[in-house]
Protein chains: 2
Amino acid sequence: MFFRQAPFGGGFSLFAGLSDCLLFLRNFRLTEDDVAYLQSVLPQDTDPAFFSFLTGLDCSAVSIASVPEGTAMFGKVPLLEVSGPLAVVQLLETSLLCMVNYASLVCSNAARFRLAAGPAVKLMELGLRRAQGPDGGLSASRYTHIGGFDLTSNVLAGRLFGVPVAGTMAHSYITSFSSLEETLMPCSGGDPVDLVSLAVGWLRRVRQLLGAESGGIRQGEFAAFLSYGIAYPQNFLPVIDSYSVQCSGLPCFCAVALALCELGYRPVGIRLDSGDLCRQSVEVRGVFRRCSDHFNFPEFQSLIIVGSNGVSEGSLAELRQKENEINVMGVGTHLVTCSRQPSLGCVYKLVEISGQPRMKLTEDPKKSTLPGRKAVYRLMDSDGRPFLDLLCLSGEPEPKKGVSLRCHPLGQEPPLCVTPAQVMNLQQKVFINGQIICPLSSLGESRARAQTSINALHPQYTRLEQPDKYPVAISEKLHQLFCDLKTGSVSPVLLPC
Amino acid sequence: MFFRQAPFGGGFSLFAGLSDCLLFLRNFRLTEDDVAYLQSVLPQDTDPAFFSFLTGLDCSAVSIASVPEGTAMFGKVPLLEVSGPLAVVQLLETSLLCMVNYASLVCSNAARFRLAAGPAVKLMELGLRRAQGPDGGLSASRYTHIGGFDLTSNVLAGRLFGVPVAGTMAHSYITSFSSLEETLMPCSGGDPVDLVSLAVGWLRRVRQLLGAESGGIRQGEFAAFLSYGIAYPQNFLPVIDSYSVQCSGLPCFCAVALALCELGYRPVGIRLDSGDLCRQSVEVRGVFRRCSDHFNFPEFQSLIIVGSNGVSEGSLAELRQKENEINVMGVGTHLVTCSRQPSLGCVYKLVEISGQPRMKLTEDPKKSTLPGRKAVYRLMDSDGRPFLDLLCLSGEPEPKKGVSLRCHPLGQEPPLCVTPAQVMNLQQKVFINGQIICPLSSLGESRARAQTSINALHPQYTRLEQPDKYPVAISEKLHQLFCDLKTGSVSPVLLPC
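Residues numbered from 1 in each chain as written. Chains lettered and ligands numbered in written order. Predicted model: local features only at pLDDT ≥ 70, side-chain atom pairs only at ≥ 80, totals over all residues. Heavy atoms only, no water.

A separate point is the overall build of chain A. Helix and strand counts for chain A stand at 17 helices and 19 strands. Seen through its C-alpha atoms, chain A measures out along the principal axes to roughly 100 × 60 × 40 Å. Buried residues in chain A amount to 56% of all 497 residues. For chain A, restricting intrachain contacts to residue pairs at least 6 apart in sequence, the fraction spanning at least 24 positions comes to 72%. (Helix = DSSP H or I, 4+ residues; strand = E, 2+ residues; numbered from the N terminus. Buried < 20%, exposed > 50% of the residue type's maximum accessible area, 1.4 Å probe, protein only. Contact = heavy atoms within 4.5 Å.)

Counting residues in each nonpolar core, the largest one holds 72 residues, and the members touching the most others are Val62(B), Leu92(B), Leu96(B) and Phe431(B). If you count residues domain by domain, this core takes at least three from each of domain 1 (7–111 + 343–487) and domain 2 (112–336) of chain B. Non-local contacts of Leu92(B), meaning those with residues more than four positions away in its chain, are made with Phe24(B), Leu25(B), Phe28(B), Cys59(B), Val62(B) and Tyr348(B). In this structure, Cys59(A), Leu79(A), Val100(A) and Leu391(A) belong to the second largest nonpolar core, which totals 71 residues. (Core = buried A, V, L, I, M, F, W, Y, C linked by side-chain atoms within 4.5 Å. Domains from an automatic or database assignment.)

Moving on, we come to the packing of aromatic side chains. Enumeration according to the criterion identifies 32 aromatic pairs over all chains in this entry. Centre to centre, the rings of Phe236(A) and Phe253(A) are 5.4 Å apart; their planes meet at 5°, and the pair counts as stacked. Of this pair, Phe236(A) sits in the loop between helix H10 (219–231) and helix H11 (245–262) while Phe253(A) sits in helix H11; the two residues are 17 residues apart in sequence, bridging distant segments of the chain. The residues Phe236(A) and Phe253(A) share a single accessibility class, namely buried. Seen in terms of ring centroids, Phe225(B) and Phe236(B) are 6.2 Å apart; in terms of plane orientation they differ by 75°. Their pairing is edge-to-face. Here Phe236(B) lies in the loop between helix H10 (219–231) and helix H11 (245–262) and Phe225(B) lies in helix H10, a separation of 11 residues in the sequence. Grouping residues by exposure puts Phe225(B) and Phe236(B) together as buried. One aromatic cluster in this structure is built from Phe225(A), Phe236(A), Phe253(A), Phe288(A) and Phe300(A). Lying over the aromatic face of Phe161(A), Arg142(A) brings its terminal NZ or CZ to 4.4 Å of the ring centre. (Phe/Tyr/Trp six-rings, centres within 6.5 Å; stacked < 30°, edge-to-face > 60°. Lys NZ or Arg CZ within 6 Å of the ring centre and 35° of its normal.)

Attention now moves to the UniProt feature "domain: Nicotinate phosphoribosyltransferase C-terminal" (unreviewed entry) in chain A. UniProt tags residues 373–481 of chain A as "domain: Nicotinate phosphoribosyltransferase C-terminal" (unreviewed entry). As a span, residues 373–481 of chain A carries 22% helix and 35% strand, and end to end its C-alpha atoms are 12 Å apart. (UniProt positions renumbered as here; feature names shortened; annotations may be inferred.)

Attention now goes to the UniProt feature "domain: Nicotinate phosphoribosyltransferase N-terminal" (unreviewed entry) in chain A. When the UniProt feature table is mapped onto this chain, "domain: Nicotinate phosphoribosyltransferase N-terminal" (unreviewed entry) is found at residues 1–101 of chain A. Summarising residues 1–101 of chain A: 43% helix, 12% strand, and an end-to-end C-alpha distance of 10 Å.

Now for the environment of Ile64(A). All names here are of chain A. Positionally, Ile64 belongs in strand S2 (residues 63–66). A sequence separation of 372 residues divides Ile64 from Ile436, and the C-alpha atoms of the two residues are 9.1 Å apart. Aside from chain neighbours lying at most four places away, what touches Ile64 is Leu25, Leu80, Glu81, Val82, Gln428, Lys429, Val430 and Phe431.

In this complex, chain A contributes 91 residues to the contact, which on the side of chain B involves 88 residues. Interface area, chain A with chain B, both sides summed: about 7,400 Å², of which 55% is carbon and sulfur. Between Arg159(B) and Asp34(A) there is a salt bridge, with the nearest N and O atoms lying 2.2 Å from each other. Taken together, chain A and chain B are joined by 17 residue pairs in polar contact (both at pLDDT 80 or more). Tallying contributions element by element places helix H5 (residues 93–117) of chain A first for the side of chain A that touches chain B, with seven residues. Within the side of chain A that touches chain B, the residues separate by chemical class into 44 nonpolar, 29 polar and 18 charged. (Buried area = accessible area lost by both parts, 1.4 Å probe. Salt bridge = Lys/Arg side-chain N within 4 Å of Asp/Glu carboxyl O. Polar contact = N/O pair within 3.5 Å; in protein donor to acceptor, adjacent residues only side chain to side chain. Nonpolar A, V, L, I, M, F, W, Y, C, P; charged D, E, K, R; others polar.)

Attention now goes to the sheet that holds strand S17 (residues 428–432) of chain A. Residue and element names in this part refer to chain A. The antiparallel open sheet is built from four strands, whose spatial order is S4-S2-S17-S18. Among the strands making up the open sheet, the edge pair consists of strand S4 (80–83) and strand S18 (435–436). As paired elements, S2 and S17 share three bridges and run antiparallel to each other. Its bridge partner being in S17, Ile64 is matched across the sheet by Phe431. Contacting S2, S4, S17 and S18, helix H1 (residues 18–27) runs over the sheet at an angle of about 25° to S17. (Pairing = 2+ DSSP bridges. Axes fitted to C-alpha atoms, helices over the stretch in contact; angles between N-to-C directions.)

Here the focus is the packing of helix H6 (residues 133–147) of chain B against helix H15 (residues 443–456) of chain B. Residues and elements named next belong to chain B. Axis separation between H6 and H15 bottoms out at 7 Å; the angle between their running directions is 45°. Overall, the two elements H6 and H15 adopt an arrangement that is oblique. Only Leu443, Ser446, Arg447, Ala450 and Gln451 of H15 make contact with H6, whose side of the interface consists of Arg142, His145, Ile146 and Gly147. Here the contact of H6 with H15 is built from residues that sort into three nonpolar, four polar and two charged. (Parallel < 35°, antiparallel > 145°, perpendicular 65-115°, else oblique.)

Residues and elements named next belong to chain A. Using the criterion set out here, one finds 35 salt bridges over all chains in the structure. In this structure, the salt-bridge partner of Asp20 is Arg142, at a minimum N-O distance of 2.9 Å. Placement of the pair is Asp20 in helix H1 and Arg142 in helix H6 (residues 133–147), with a sequence separation of 122 residues. Across the pair Glu313 and Arg112 runs a salt bridge, and its minimum N-O distance is 2.9 Å. Highlighted residues: Glu313 in helix H13 (residues 313–321) and Arg112 in helix H5, separated in sequence by 201 residues. Since its relative accessible area comes to 2%, Arg112 is described here as buried. Linked through salt bridges whose partners overlap, the residues forming this network are Arg112, Glu313, Arg340 and Glu465.

What follows concerns the pairing of strand S14 (residues 405–409) of chain B. All names here are of chain B. Within S14, four of the five residues are buried, which leaves it mostly tucked inside the rest of the structure. As paired elements, S14 and strand S15 (residues 416–418) share three bridges and run antiparallel to each other. Paired with Arg406 across the two strands is Cys417, which belongs to S15. Hairpin remark: S14 followed by S15, antiparallel, with six residues in the connecting loop; positive phi at Gly411, about 75°. In the sheet, S14 pairs with strand S19 (residues 472–475) via three bridges, with the strands oriented antiparallel. Across the sheet, residue Cys407 finds its bridge partner in S19, namely Ser475.

Residues and elements named next belong to chain A. For helix H17 (residues 476–487), with 12 residues, the first-to-last C-alpha span of 17 Å sits near the 16 Å given by 1.5 Å per residue. Three or more residues of H17 are buried, namely Leu478, Leu481, Phe482 and Leu485. Along the axis of H17, the buried positions cluster into a sector of 100°, meaning they face one direction only. On the buried face of H17, the contacting elements are strand S11 (356–357), strand S12 (374–380), strand S13 (386–393) and strand S19 (472–475). (Expected span 1.5 Å × (residues − 1). Arc of directions from axis to C-beta.)

This next bit is on the relation of the copies chain A and chain B. For the match of chain A to chain B, the screw axis carries a shift of 0.0 Å, the RMSD comes to 0.0 Å, and the turn is 180°. Overall, the copies show the geometry of a two-fold rotation axis. A shared binding surface is used by both copies, with 97% of the interface residues of chain A retained as interface residues in chain B. (Least-squares fit on C-alpha atoms with pLDDT ≥ 70 in both.)

All names here are of chain B. Residues Ser63 and Ala65 point to one face of strand S2 (residues 63–66) and Ile64 and Ser66 to the other, with burial holding for every one of them. Two strands pair when backbone bridges link them, and S2 and strand S4 (residues 80–83) are joined in this way by four bridges, in the antiparallel orientation. Within the sheet, the bridge partner assigned to Ser66 lies in S4 and is Leu80.

Moving on, we get to the packing of helix H9 (residues 195–210) of chain B against helix H12 (residues 277–295) of chain B. All names here are of chain B. At their nearest, the axes of H9 and H12 sit 11 Å apart, and the two run at 115° to each other. Between H9 and H12, the crossing angle belongs to the class labelled roughly perpendicular. Judged by the sense of rotation from one axis to the other, the crossing of H9 with H12 is right-handed. Contact with H9, carried on its side by Trp202, Arg205, Val206, Leu209 and Leu210, involves Val287, Arg290, Cys291, His294 and Phe295 of H12 and no other residues of that element. Partitioning the contact of H9 with H12 into residue classes produces seven nonpolar, one polar and two charged. (Left-handed = near helix turned anticlockwise from the far one by under 90°.)

Turning our attention to H12(B). Residues and elements named next belong to chain B. Across its 19 residues, H12 extends 26 Å between first and last C-alpha, which sits within 8% of the 27 Å expected from 1.5 Å per residue. For H12, the set of buried residues is Leu277, Cys278, Gln280, Ser281, Val284, Arg285, Val287, Phe288, Cys291, Ser292 and Phe295. At its buried positions, H12 is contacted by H9, H11, strand S7 (269–272), strand S8 (304–307), helix H13 (313–321) and strand S9 (328–331). The N-cap residue of H12 is Asp276: its side-chain oxygen and the backbone nitrogen of Cys278 are 3.2 Å apart. Asn296, located one to two residues past H12, shows a positive phi value of around 60°.

Residue placement: Ser104(A) occurs in helix H5. Leave out the neighbours within four places in its chain, and Ser104(A) touches Ser13(A), Leu14(A), Phe15(A), Ala16(A) and Leu344(A).

Right under this line is the structure:
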């Protein structure tokens, strides 16, 4: 299994989905009901022995070599090598592609969003509502975390995979309030306090400070903030753009937050979900500073600003260019749907049968495949930077550090002589005769590997737009085999007709 | 729940996902483990009563009115109206959006592919490998069938939902063969026949007829076709572009198919998976006709040609323009990922609380909502063509056929007077206090409704590019309420500060 071209016009793809594949393979078999259904839809003249074969089918004769989950990979380099009885491994094709394609795509998308945003901003995934159903959303939450996101709003992803969860407040929470009466509940912890009166007093002082007119204040918004502040005085982070940030949301937030501060609580911050996020964040930060200075609450210096609303890779890149005060970005649709390129074209091709190499050699040369079972090496220079991935036939001796070797870069002439300072064998056996033989990477391990793997690359290969093409080469032996098969000189004699 | 704009720059979206929503709601509750997990991630100072509330939570106080699954819908017209305790219906937001957004999107995409292809071509969905995981793929197979596809390669979708299944042959099946020895198995049914010798003889005659050189014939491809023909003599439909259509795939197909015909079987056809599908299909058809005439096998007149390979809406539209002989198109990636617009922006907004209308009124007027619970009517002219969707406040009298009414078209002035010849009430109660109160639409019913609903529309609204905007209007009363809330004249008094 390999992809031909890295997604999103970029230089690499992360590899993800391996754990899902292995767990699937370990349990793969058809029930009697499955076989009965197949019998009902396959041609009447199907050999009955085929259905007996299907009934006993499992992956006990299947083995897999794979690169580790989270590795940055390049076009044409094998991700998985699946071996076993042809009929079985052929049946697995679509399932394995399905589990690797989207996982790798969305993981790579997240890595690009992270590269675009830089390391400082926290990134929160909140795309469930736009995913391909609940399970598509769950995959998105899991694999965007591996790709570099910090948080998800998908609580089930937190529970199942340990992704840190974080939420935001719905506009409907704000618009469900209309007056203050609804907030007269006792404040939990300590002596009950009339937070409403306190906040009304603060609202007057904030309005004076900011020169905000009382006519703009939405009573319902103020009530909603108060109610939320009473419920979560240590986690107060409302969305402030349900009506108007300047005229209502921001003054109301400041009033309630100041009342909470006065009572010894630490409000957390605000969320902006519309308009020019950069500009507004700067204005909001300015108001926080003025409140902090004027009312002498240093807690207001460390309030956070969360941005959301159709955030794309481009908006994150813009964040690094434009003045802004955003601490956390929430990203949904463009992340989980990978709108810039909503599919990764991983393919699954036959390379050997009964010890004989095979290749697909169509009239479209881009669809040709490289024959034979392969070993995959990442060659590094003396700085530890990868400079070439080398595909050899399995059985060839491993390249040695410090020893020069001749190879054939894909898509370019002439052959190349290279001397690696270090050599990393990317492929490892992970599944032998139906058994998972190595511990599955934890989410955290895959996430760390993704960052390490990307960071090891020279920035010319991870540049988001028009990156240099990372070289992938094949060994002399593999090149010779490819040429022999292409010209037909290895092929058996022609038909006697 | 509604969308603001139809997807893909088109005029409508089909509504789908209702059955999933209702089944989800009927069973919605949190387990003790769920609640324990939430307790572990929510702030320490969360009121313990909240967790008791969550433990007892279900949808027994939730009700839903909905348009029927498969209906063609327009921007701002409610798809679902969910009523119940605010905390409960708010918790459902993301799950319901997730179930409706992708289902409706991919269903609409399929409907557009069908409109582009015209009614004659059979359309087969084969996108599982590029979907957002196995369940995303399953949703795609199910909802593209509702949208107008005929077949799916997803066997589980056949089993679970009754979508007709059809398969194709993998290139690896072809390239797994290298010589004829592997095909010496007995032919099932009747006296065993040496199909190999028979086909070798036919191959010689076909080559003479077509002037094809023997050097181009791939022995493995011929062997693969023979093996498949022996296993499925009545379902012979190989992929013929593994090496070269002209030099090997097509002559080999004709030879094996002619041998099968000679033995009284009916071969089915071929698949093309690369290159210019239209041009090749014409050439292949020509060869079929020559074989039919020359060898006198009329079965060759009715062979079918299947096309696949990155088929998009555009390629289907092209099919209708260009000369071609394709009978079935297989569509994968662009269909299931909805690459032209990979998300539908359905939203879920608060419109009423405790009998009081609510709306979101932000600084971005496009994000404003229409307040109040609504009834939805489709008004039709005397030809039975819908010409306007009318949103009224629920409780308003139903519009009457033949009676003029005044309404306010959204996004345009001035008010309009219209007289419907027929009125269809689009919304029906489907879920009351936790119970599904009407039979769920079967796949076939939803599929038929989708076609009826699209066909009823004037073509100016279903045109794929730059369709006319179908008019949606609000009643006088709803318009008045909207204006009152916008100016704040319905809102309670301002804060005394």
